[in-house]
Amino acid sequence: MTFRAPVRDLAFALRHVADFGRLADAYPEADADTVDAVLEAAGVFASEVLAPINRAGDLTGAKLENGVVRSAPGFADAYKAFAEAGWTSLAASPDHGGQGLPKALEIATLEMVQAANMAFGLCPMLSLGAIEALALHGTERHKSVFLPKLVSGEWTGTMNLTEPQAGSDLAALTTMATPDGQGGYTLSGQKIFITWGDHDATDNIVHLVLARTPDAPAGVKGVSLFLASKVLVDDEGKMGAGNDVRVGGLEHKLGIHGSPTCVMLFEGAKAELVGKLHHGVAHMFTMMNAARLQVGAQGTAIAERAYQQALNFSLERVQGRSAWTGAYPSRLFDHPDVRRTLLLMKAKIEAARGICLSTAVAADLAHAAADEETRAAAKLREELLTPIAKAWSTDVGVEVASLGVQIHGGMGFIEETGAAQHYRDARITPIYEGTNGIQAIDLIGRKLGLADGQAVADLMDDIRDTIEALKGADASLTPVAGRLEAALNAAASATAWLVERRARAMPDALSGATAYLKLLGDTVGGWMLAKGALAPEAEALRGQLLRVYAESVLAQVPGQLAAVTLGDADLVAVTPEALGA
């Protein structure tokens, strides 16, 4: 189960698909040599340090012993090496000890980390979200005491939202934050599904927790955000006594066994308000939006890992006679259906990678571009692409991991080969950080209306520009322009229908939300592959991937329009009894 970090593919996607060059003025230090050096170093760390402990993490997992979580074998040492190498500080502000490099480069490096060892990668991923939330909403004490430790990786961060009775419905939260009379609060309540909620890799853990105050209004408007560290810290950053927060148990999960998913019990824990009272959900969304893009990259990453293993297996396993060579027994790779499957897997990975990195570049421009017009346009693009990056890319992760098992055949269903682990690990990604159904609702409910529809209109204009470029390109790519154009026209029709139904019959629009996200994601994925195939440095494989994607995916997009516009008439009439309840 060797892993090769896809350094070349990531560098290509950054430059030729995600338009990383647009960041040159805002991030002059992120020149070509720096980018290449960072990617190479991250690739070495992922391949040589993280990948070798991935299997042990799956087989052994984290353990809860005498109230303390013990990390999976090798994970604590690997995390210390990760922090010492500066990987948590890559995109953080120099004001807090960070390197100030673009988020897009951070996403690219963390894709390799997640591909090498997804269970490990969840730990720094949550810390990065905490860094963004505190940098924007934290007090001066938070920024001087906690941020430098999170940025350096000396401490890690968590996100505490979910409760037993409140999953995605944050209005149902009951954890209580009571003023302590000294300017702080005491937290009481239970949180579940807390990723890396406790571990032995660092001396302290910074918990960001959603809770209510006693006088809070009902619903999400009454939720506030609080910081409660595992060990109490004074204003000089000196650690003192342990806080009244403990692990109630570890979840037993389908996958990501090396990542401790904790039940956290806050039993009068000392806490500090982050941001404004009763603005907790808005503040936490800073962290969640960062995590959603990271999870999209996770989907790409686990697909890459599964693809690599399937490709290697297809080159080693001999079965049957090749229709091409006549050889018997033949490598699986020399069977047409297997090779076509591998090409489609690779095409979807490159499409998902392009979407995630393009979203990250937009986020960088929205943050650091010199002029307001560019920042505003980039923010619209970031907002529009984020639910697609999260949902479409994680669906790709599950699909490609499943195809990886299929290529292994019966061997893939046997745990010893490791192909099943990738499938099990991938399955959580469409669920956490907002299920993919929630991403679809966000896309049609909020994102289509951004700037009176300008966000989606600008996206479609850019795709049309690429279609015109395809029409004037190499003859082998010209037919693809028709496929992409038909897909874009279907996306435009679906968008217009949703906008109209959203205003008059929201249930109709909601019933088509998931189908619409897939339709638009398939189209944007084709656009990403087209940009790669048109690049002057593109190898022949880029065109082959685009053509396979065009005939296997884009050709199906116009037919998806019916699923979007079906409406809810058939749905609303169905009773539980009719379905067999």
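Everything that follows concerns the structure shown earlier in this document.
Not measured: the values here are computed from a predicted model.

Peer 1: Quick question: what am I supposed to make of the overall build of the protein here?
Peer 2: The secondary structure content of the protein amounts to 20 helices and 11 strands. For the protein, the C-alpha radius of gyration of 24 Å lies close to 25 Å, the compact-globule estimate for 581 residues. Principal-axis analysis of the C-alpha atoms places the extent of the protein at approximately 75 × 60 × 55 Å. Residues classed as buried in the protein amount to 57% of the 581 residues present. Accessible surface computed for the protein: about 22,700 Å², of which carbon and sulfur atoms make up 55%. If you average the places of the 49 positive and of the 68 negative side-chain charges in the protein, the two averages end up 4 Å apart.

Peer 1: Got a minute to help me understand the packing of helix H8 (residues 280–316) against helix H10 (residues 372–408) in this structure?
Peer 2: Helices that pack against each other are described as a pair by the angle of their axes relative to one another and the distance between those axes. Running from N to C, H8 and H10 cross one another at 20°; their axes reach a closest spacing of 8 Å. Taken together, the axis directions place H8 and H10 in an arrangement best described as roughly parallel. Once H8 is placed against H10, the crossing between them reads as left-handed. Classifying every residue of the contact of H8 with H10 gives 13 nonpolar, 12 polar and two charged.

Peer 1: I keep staring at the environment of Leu470 and nothing clicks. Help me out?
Peer 2: Note on placement: Leu470 falls in helix H14 (residues 454–471). The exposure class assigned to Leu470 is buried, which follows from its relative accessible area of 0%. For the pair Leu470 and Ala533, spaced 63 residues apart in sequence, the C-alpha to C-alpha distance is 9.1 Å.

Peer 1: What's the story with the pattern of salt bridges in this structure? I'm lost.
Peer 2: Working definition: two side chains of opposite charge can pair if their charged atoms are close together. The final tally for this structure, using the stated rule, is 38 salt bridges. With a closest N to O distance of 2.7 Å, Arg141 and Asp235 form a salt bridge. Taken together, the residues span a long stretch of sequence, with Arg141 in helix H7 (residues 140–152) and Asp235 in the loop between strand E8 (231–233) and strand E9 (239–242) at a distance of 94 residues. Residue class for Arg141 comes out partly exposed when judged on its relative accessible area of 23%. For Arg501, the salt bridge goes to Glu500, with nearest N and O atoms at 3.8 Å.

Peer 1: Just checking my understanding: could you explain the packing of aromatic side chains for this structure?
Peer 2: By convention here, two paired aromatic rings are described through the distance between centres and the angle between planes. Inspection of the entire model under this criterion finds eight aromatic pairs. Judged by centre distance (5.6 Å) and plane angle (70°), the rings of Phe82 and Phe120 are edge-to-face. Remark: Phe120 occurs in helix H6 (residues 118–137) and Phe82 occurs in helix H4 (residues 75–84); sequence separation between them is 38 residues. On the basis of relative accessibility, which here comes to 1%, the residue Phe82 falls in the buried class. Three or more aromatic residues link up through ring pairs in this structure, and these residues are Phe45, Phe75, Tyr79, Phe82, Phe120 and Trp196. Directly above the ring of Phe12 sits Arg542, whose terminal nitrogen or CZ lies 3.9 Å from the centroid.

Peer 1: Just to check I follow, could you spell out the environment of Leu59 for this structure?
Peer 2: Turning to its location among the elements, Leu59 is positioned in helix H3 (residues 54–60). Along the primary structure Leu59 and Gln421 are separated by 362 residues, whereas in three dimensions their C-alpha atoms are 9.6 Å apart.

Peer 1: What am I meant to see in the nonpolar core here?
Peer 2: Looking at soluble globular proteins, one finds that nonpolar side chains tend to be buried together. One finds Leu14, Leu39, Leu208, Met284, Trp392, Tyr516 and Val524 to be the most contacted residues of the largest nonpolar core, which totals 169 residues. Once residues lying within four places of it in the same chain are set aside, the contact partners of Met284 are Met159, Asn160, Leu161, Leu208, Leu210 and Leu225. Grouped together as the second largest cluster of nonpolar side chains are 18 residues, Val69, Ala177, Val209 and Ala228 included.

Peer 1: Is there a simple way to explain H6 in this structure?
Peer 2: At 3.6 residues per turn, the α-helix brings residues three or four places apart onto the same side. Compared with the 28 Å implied by 1.5 Å per residue over 20 residues, the 29 Å span of H6 between its first and last C-alpha is a close match. When you tally the buried positions in H6, you get 16 out of 20 residues, the bulk of the element.

Peer 1: Would you mind going over the packing of helix H5 (residues 103–116) against H6 with me for this structure?
Peer 2: In the contact formed by H5 and H6, the axes pass within 7 Å of each other and the chain directions differ by 155°. In terms of orientation, H5 lies roughly antiparallel with respect to H6. Contacts between H5 and H6 involve Lys103, Glu106, Leu110, Val113, Gln114 and Ala116 from the former and Met118, Phe120, Gly121, Leu122, Met125, Leu128 and Glu132 from the latter. Here the residues of the contact of H5 with H6 sort into eight nonpolar, two polar and three charged.

Peer 1: Hey, could you run me through H4 in this one?
Peer 2: By the burial criterion, the buried members of H4 are Phe75, Ala76, Ala78, Tyr79, Phe82 and Ala83. Viewed end-on, H4 has its buried residues packed into an arc of 160°, placing them on one side of the element. With respect to the buried face of H4, the exposed residues turned more than 90 degrees away are Asp77 and Glu84. Packed against the buried residues of H4 are helix H2 (32–50), H3, H5, H6, H7 and strand E3 (156–160). Where H4 terminates, the next one or two residues include Gly86, which has phi positive at roughly 85°.

Peer 1: Even after reading the chapter, I still don't get the pairing of E9, so can you show me in this structure?
Peer 2: Regular strands place side chains that alternate from one sheet face to the opposite one. Here two bridges tie E8 to E9, and the two strands are oriented antiparallel to one another. By the bridge assignment, Val231 is partnered in E9 with Gly242. Linking two consecutive strands that pair antiparallel, namely E8 and E9, is a turn of five residues; a positive phi of about 85° is found at Gly237 within it.

Peer 1: Help me out: how do you make sense of unusual backbone geometry in this one?
Peer 2: When glycine is set aside, most residues are seen to have a negative phi, and most peptide bonds are trans. For the bond running from Tyr328 to Pro329, omega is -10°, close enough to zero to count as cis. Take Pro329: it is sitting in the loop between H8 and helix H9 (336–368). The backbone of Phe193 sits at a positive phi, close to 60°, despite the residue not being glycine. With respect to the helices and strands, Phe193 occurs in strand E5 (residues 185–195). Despite not being glycine, Ala451 has its phi angle at roughly 50°, a positive value. Summarising the element assignment, Ala451 is placed in the loop between helix H13 (436–447) and H14.

Peer 1: Looking at this model, I keep getting lost on the pairing of strand E7 (residues 223–229). Mind explaining?
Peer 2: The buried fraction of E7 amounts to seven of the seven residues, a majority that puts the element mostly inside the structure. The alternating pattern of E7 places Val223, Leu225, Leu227 and Ser229 and Ser224, Phe226 and Ala228 on opposite faces, both of which are buried. Relative to strand E11 (residues 261–274), E7 runs antiparallel, the two sharing three bridges. Counterpart to Phe226 in the pairing with E11 is Leu273.

Peer 1: Help me understand a nonpolar patch on the surface, please; the structure alone is not making it clear to me.
Peer 2: A surface patch of nonpolar side chains, about 240 Å² in accessible area, is lined by Ile441, Met506 and Leu510. Residue placement: Leu510 occurs in helix H16 (residues 506–511).

Reading the values: the criteria
Residues numbered from 1 in each chain as written. Predicted model: local features only at pLDDT ≥ 70, side-chain atom pairs only at ≥ 80, totals over all residues. Heavy atoms only, no water. Helix = DSSP H or I, 4+ residues; strand = E, 2+ residues; numbered from the N terminus. Rg over C-alpha atoms; globule rule 2.2 N^0.38 Å. Buried < 20%, exposed > 50% of the residue type's maximum accessible area, 1.4 Å probe, protein only. Areas by Shrake-Rupley, 256 points an atom, 1.4 Å probe, with all protein chains shown as cover. Lys, Arg positive; Asp, Glu negative; His and termini not counted. Charge placed at Lys NZ, Arg CZ, Asp CG, Glu CD. Axes fitted to C-alpha atoms, helices over the stretch in contact; angles between N-to-C directions. Parallel < 35°, antiparallel > 145°, perpendicular 65-115°, else oblique. Left-handed = near helix turned anticlockwise from the far one by under 90°. Nonpolar A, V, L, I, M, F, W, Y, C, P; charged D, E, K, R; others polar. Salt bridge = Lys/Arg side-chain N within 4 Å of Asp/Glu carboxyl O. Phe/Tyr/Trp six-rings, centres within 6.5 Å; stacked < 30°, edge-to-face > 60°. Lys NZ or Arg CZ within 6 Å of the ring centre and 35° of its normal. Core = buried A, V, L, I, M, F, W, Y, C linked by side-chain atoms within 4.5 Å. Contact = heavy atoms within 4.5 Å. Expected span 1.5 Å × (residues − 1). Arc of directions from axis to C-beta. Pairing = 2+ DSSP bridges. Patch = residues over 30% accessible without salt bridge, like charges linked within 9 Å, V, L, I, M, F, W, Y side chains within 5 Å.

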